[in-house]
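# Secondary and tertiary structure notes
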Amino acid sequence: MTRQWLRQLKPDQDRPHHEPALSPAAVSAMTALLGPDPVRWAVQTADTMAAEILEQVPEHGGGPAPVATLRRSTESTVLAALRLLLIETTGEGATPPDEALEGCRECARRGIALDRVLRGVRLGHARLTQELTSAVEQYVPTGERLGELRRVTEELFAHADTHASLLAECYIAERDRWRGSDEAARRTTIDDLLAARPVDPEAATRRLRYDVTRTHLAAVLWCDAAEDPLPAAERLQHTAAALACTAGAGHTLMIPVGADTAWLWLYAPDDLVGLPDRVRAGTDRAPGVRLALGPPAHGTAGMRRSHYGAREAERVARLAPGNWLTDYHEVRLFALATADPEHARWFVHELLGPLASDGARVQELRETLRVYLAEERSLRAAAGTLHVARNTVTYRVKRAEELLPPATLTGSTLELRLALELARTLLG
């Protein structure tokens, strides 16, 4: 029996939509099997699962890279469950997908307790069961609904039980391997440095094979879902070496933090002027690799400072995909103002009112007002920057101001300028 109702699944238009975390090849394969709408339903359901896991078991979070790993794990799990349910089987293909296994190994390397890992697994399967139960009630004819609900529930329970057992075995094997590795000792030293715990510089230098007393430039590298024959780890390594060559750094320290993310430190070059532009122009990066640079800083405290600057630049870069290189100095104001992204969005909508609406026309008005204020209200300078006539700037500024709340027009220009800068990324 083939469950054709699974091919009728559609995402909820009232819930957020995100791009898939899995590779385009994996998404294409499942789209060919299920159809585009069921795959979008799966991505939406997986995002809901990930959000609930992060809320109930926050250890699974800790930055963009762990969240991306979790999203790949939940997406692959939902799609694997749909594949199993589509054509009823007797336990075939019950092995967790590779993305879920890798997420489990990463949890072991990060020291997340097994009971917390399995708590996340149970939460995810409970949400999936709830979503599929709702789908049965929506898409299965009334006379067949009760029997189908029972069968789907039983199959999902058996699948979840096997899934949890195999993930526990994977976790224990990786934990035991990791505990005795040199990689674990290096990661422990890095964790101590980043937590600002006391570290002996000489011992840290020996263990890391990297001089922690120098001036450092930190970076975060990660792979987007690009089609490329090279594994992500090789692409990250290639780009890290190319960055060091461009920057003139003789030595680097690279710490993998997931299947497609790495932290990097290198000795800061003597000439820092224009470094981001030199990196953009001269770095032979691998396909799909993106890079965030931190501010240069000295010593063990500087390794921490530069790293957290790079992490903030990474966070901003993931909010606004596009540029492959993001430098902390170029986005530090935005990073500071969006430390709480939800609060930042409230601020933008409160300050801009109707000017924060969707649509190309309103976006054009926002951008014109932003440039006009940045050019100190010079119509000529704004027109030159925007490559339009002065009269066009005058008209657009007038229309933009008509959309602003009265309190904003009479309030702080600094707040208005900040809201307009934030809107470029938060609103598009």
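The structure presented is a predicted model; accordingly, all values stated were derived computationally and were not measured.

### A short note on the overall build of the protein chain
Of regular secondary structure, the protein chain possesses 18 helices and 6 strands. With respect to the three principal axes, the spread of C-alpha positions in the protein chain is 70 × 60 × 35 Å. Sorting the 428 residues of the protein chain into buried and exposed places 47% on the buried side. Taking all contacts inside the protein chain whose residues are at least 6 apart in sequence as the whole, residues at least 24 apart take part in 74%. Of the accessible surface of the protein chain, which amounts to about 20900 Å², a share of 53% is contributed by carbon and sulfur atoms. Side-chain charges of the protein chain comprise 51 positive and 58 negative groups, with the mean position of each set lying 3 Å from the other.

### Description of the pattern of salt bridges
Applying the stated criterion across every chain yields a total of 34 salt bridges. Between Asp260 and Arg72 there is a salt bridge, and its shortest N-O distance comes to 2.8 Å. One end of the pair, Asp260, is in the loop between strand 2 (252-256) and strand 3 (261-267); the other, Arg72, is in helix 3 (residues 64-86), and 188 residues separate them in sequence. With a closest N to O distance of 3.9 Å, Arg278 and Asp271 form a salt bridge. The network of salt bridges with common partners includes Glu102, Arg105, Glu106, Arg109, Glu174 and Arg177.

### A look at empty space enclosed by the protein
Counted under the stated rule, the structure contains 1 cavity of 30 Å³ or more. For the largest cavity, the lining is made up of 22 residues, of which His60, Leu70, Ser73, Ala100 and Val121 are closest to its centre. Of all elements in the fold, only helix 2 (36-56), helix 3, helix 4 (98-110), helix 5 (114-139) and helix 6 (142-179) reach the threshold of two or more residues within the lining of the largest cavity.

### Structural notes on the environment of Asp327
Its location among the elements puts Asp327 in strand 6 (residues 325-327). A relative accessible area of 7% means that Asp327 is categorised as buried. Each C-alpha atom, one on Asp327 and one on Ala292, is 5.8 Å from the other, the two residues being 35 residues apart in sequence. Discounting chain neighbours no more than four positions away, the residues touching Asp327 are Pro276, Leu293, Gly294 and Ala313.

### Some words on the layout of surface pockets
Counted as a void, the second largest pocket has a volume near 460 Å³. Those elements giving two or more residues to the lining of the second largest pocket turn out to be helix 11 (299-319), strand 6, helix 12 (328-337) and helix 18 (413-426). Per-element accounting of the lining of the second largest pocket gives the leading share, 5 residues, to helix 18. The class makeup of the residues in the lining of the second largest pocket is 10 nonpolar, 4 polar and 4 charged.

### Quick word on the side chain of Glu106
By the secondary structure assignment, Glu106 is in helix 4. A distance of 3.1 Å separates the side chain of Glu106 from the side chain of Arg109, its partner in a polar contact. The residues contacting Glu106, other than those within four sequence positions of it, are Val257 and Gly258.

### Some thoughts on helix 3
In a regular helix each residue adds 1.5 Å, so 23 residues correspond to 33 Å; helix 3 covers 33 Å between its end C-alpha atoms and thus fits that length. With respect to burial, helix 3 is a largely interior element, 20 of its 23 residues being buried.

### Looking at the nonpolar core
Grouped together as the largest cluster of nonpolar side chains are 52 residues, with contacts concentrated most on Ile190, Trp265, Leu352, Leu355 and Leu369. The contact partners of Leu352, leaving out residues within four places of it in the chain, are Arg366, Leu403, Leu404, Pro405, Leu416, Ala419, Leu420 and Ala423. Judged by nonpolar contacts, the second largest core, of 27 residues, contains Leu86, Leu128, Leu149 and Val152.

### Thoughts on the environment of Asp277
Within the secondary structure, Asp277 sits in helix 10 (residues 275-282). The exposure class of Asp277 is exposed, given its relative accessible area of 52%. C-alpha separation for the pair Asp277 and Trp346, spaced 69 residues apart in sequence, amounts to 34 Å.

### Here's the deal with unusual backbone geometry
Its identity as a non-glycine residue notwithstanding, Glu376 has a phi of 55°, on the positive side. Structurally, Glu376 is set in the loop between helix 14 (360-374) and helix 15 (379-386). For Glu376, a relative accessible area of 72% gives the class exposed. Of note in the backbone geometry, Arg377 takes a positive phi value of approximately 60° without being a glycine. For Arg377, the position within the fold is in the loop between helix 14 and helix 15.

### Looking at the packing of helix 2 against helix 5
Between helix 2 and helix 5, the least distance of the axes is 9 Å, while the angle of their chain directions is 140°. If you check the angle between helix 2 and helix 5, you find them oblique. Relative to helix 5, helix 2 is oriented so that their crossing is right-handed. Facing Trp41, Thr45, Thr48, Met49, Glu52, Ile53 and Gln56 of helix 2, the residues of helix 5 in contact are Arg116, Arg119, Gly120, Leu123, Gly124, Arg127, Leu128, Glu131 and Leu132. When grouped by side-chain class, the residues that make up the contact of helix 2 with helix 5 number 6 nonpolar, 5 polar and 5 charged.

About the thresholds
Along each chain, the written sequence defines residue order, and numbers are assigned to residues from 1. Local features in this predicted model are restricted to residues whose pLDDT is 70 or higher, and side-chain atom pairs enter the listing and the counts only when it is 80 or higher, whereas totals over whole chains, interfaces and linings include all residues. Water and hydrogen atoms were dropped before computing side-chain values, which therefore reflect all heavy atoms in the structure. Helical segments are the DSSP runs of H or I of at least four residues, strand segments are the runs of E of at least two, and each set is numbered from the N terminus. When a residue's accessible area, from a 1.4 Å probe over protein chains only, is under 20% of the maximum for its type it is buried; when over 50% it is exposed; and in between it is partly exposed. Contacts between residues were defined by any pair of non-hydrogen atoms, one from each residue, lying within 4.5 Å. Using the Shrake-Rupley algorithm and a 1.4 Å probe, accessible areas are obtained, with residue cover drawn only from the displayed protein chains. Counting rule applied: Lys, Arg positive; Asp, Glu negative; His and chain ends not counted. Throughout, a charge is located at the NZ atom of Lys, the CZ atom of Arg, the CG atom of Asp or the CD atom of Glu. By salt bridge we mean one thing: a side-chain nitrogen of Lys or Arg within 4 Å of a carboxyl oxygen of Asp or Glu. Buriedness for pockets is judged along seven lines, at least five of which must meet protein on both sides within 12 Å for an open set on the 1 Å grid over protein atoms alone, while cavities are sets there where a 1.4 Å probe fits but cannot get out, and lining residues have an atom within 4 Å of a point. Grid points are joined across faces, edges and corners, and a volume is the space filled by probe spheres set on the points. Each residue gets one label: Ala, Val, Leu, Ile, Met, Phe, Trp, Tyr, Cys and Pro are nonpolar, Asp, Glu, Lys and Arg are charged, and the others, such as Gly, are polar. For the purposes of these results, a polar contact is taken to be a pair of N or O atoms within 3.5 Å, where, inside protein, one atom must be able to donate a hydrogen and its partner to accept one; residues adjacent in sequence count only when each atom of the pair is a side-chain atom. Take the number of residues in a helix, subtract one, and multiply by 1.5 Å to get its expected span. Note on terminology: a nonpolar core comprises buried Ala, Val, Leu, Ile, Met, Phe, Trp, Tyr and Cys residues joined through side-chain atoms within 4.5 Å. The axes are straight lines fitted to the C-alpha atoms, using for helices just the contacting stretch, and the angles between their N-to-C directions are given from 0 to 180°. Angles below 35 degrees are treated as roughly parallel, those above 145 as roughly antiparallel, those between 65 and 115 as roughly perpendicular, and all remaining angles as oblique. By convention, the crossing between two helices is left-handed when the near helix turns anticlockwise from the far helix through less than a right angle, and right-handed when the turn is clockwise.

Keep in mind that these numbers describe shape and distance, not what the molecule does.
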